[in-house]
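Chain residues, written in single-letter form:
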Amino acid sequence: IIETCDPSAILIADGDPATAARLSAFASESQLTVLPLPEAAALAKCRPAAVMRDTGIPATDVAYVMFSSGTLGMPKGIQITYAHLVDFIDWLDPLLAPSAPLHAVSGIIRHCFDVSLFELWASWTRKLPLCALDHAMVSDSSGYIVRLKTDRVSLWVSTPSLARLFLRNH
């Protein structure tokens, strides 16, 4: 992914100094800048910004690159344009018009799968916490279900097989 994208920075959302140290060591080998993201409490004070339509950025410019799983070989970069991103975010509004307010979004889908972007964009555009799954917890689905309740997750995204596993174990 790094070879394909040739990034100039890595963003760190984890406040763990050990994570930052590991990524900094990796980044120095790759000549990347490591940028820590602000704490969630600081971000919560920011006013939400509406999707800007007249930014001067062409709709055909690439907003980000999503990678395939690579099951048939090397992962492939799929370019997502700003037009695609705006359409996706606009699609979320009627889809997520809830009868009750959303409090948090599950973070169950591994970030190497494209469906994880549903969780990420639903969380980011609504400024909701993302309850990320430590995949070691898959074997303790009852513990993760308790965590979902504690974190007040009201939007859960899952594959059918993971839902079956959670239902069987709880």
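The structure we're discussing is the one just above.
Treat the numbers as computed from the prediction; the structure is a model and nothing was measured.

Another aspect to go through is the overall build of the protein. Broken down by element type, the protein carries seven helices and six strands. Counting from the amino terminus, helix and strand elements in the protein follow one another as α-β-α-β-α-β-β-α-β-α-β-α-α. Counting across all 170 residues of the protein, residues that qualify as buried make up 25%. Taking all contacts inside the protein whose residues are at least 6 apart in sequence as the whole, residues at least 24 apart take part in 56%. A total accessible area of about 11700 Å² is found for the protein, and carbon and sulfur atoms account for 61% of it.

This part takes up the pattern of salt bridges. Any two side chains of opposite charge can pair, so long as their charged atoms come close to each other. Counted under the stated rule, the structure contains two salt bridges. When the shortest N-O distance is used, the salt bridge between D93 and R126 registers 2.8 Å. Of this pair, D93 sits in helix α4 (residues 82-95) while R126 sits in helix α5 (residues 116-126); the two residues are 33 residues apart in sequence, bridging distant segments of the chain. The partner of R147 in a salt bridge is D151, and the shortest N-O contact between them spans 3.5 Å. A residue is classified by how much of its surface remains accessible, and D151, at 34% relative accessible area, is partly exposed.

For the pair α4 and α5, interaxial distance at closest approach is 11 Å and the crossing angle is 75°. In this view, α4 runs roughly perpendicular relative to α5, as classed from their interaxial angle. Contacts between α4 and α5 involve L85, F88, I89, W91, L92, D93 and L95 on the former and, on the latter, L117, F118, W121, A122, T125 and R126. Among the residues forming the contact of α4 with α5, the class breakdown is 10 nonpolar, one polar and two charged.

Calculation rules
- Residues numbered from 1 in each chain as written.
- Predicted model: local features only at pLDDT ≥ 70, side-chain atom pairs only at ≥ 80, totals over all residues.
- Heavy atoms only, no water.
- Helix = DSSP H or I, 4+ residues; strand = E, 2+ residues; numbered from the N terminus.
- Buried < 20%, exposed > 50% of the residue type's maximum accessible area, 1.4 Å probe, protein only.
- Contact = heavy atoms within 4.5 Å.
- Areas by Shrake-Rupley, 256 points an atom, 1.4 Å probe, with all protein chains shown as cover.
- Salt bridge = Lys/Arg side-chain N within 4 Å of Asp/Glu carboxyl O.
- Axes fitted to C-alpha atoms, helices over the stretch in contact; angles between N-to-C directions.
- Parallel < 35°, antiparallel > 145°, perpendicular 65-115°, else oblique.
- Nonpolar A, V, L, I, M, F, W, Y, C, P; charged D, E, K, R; others polar.

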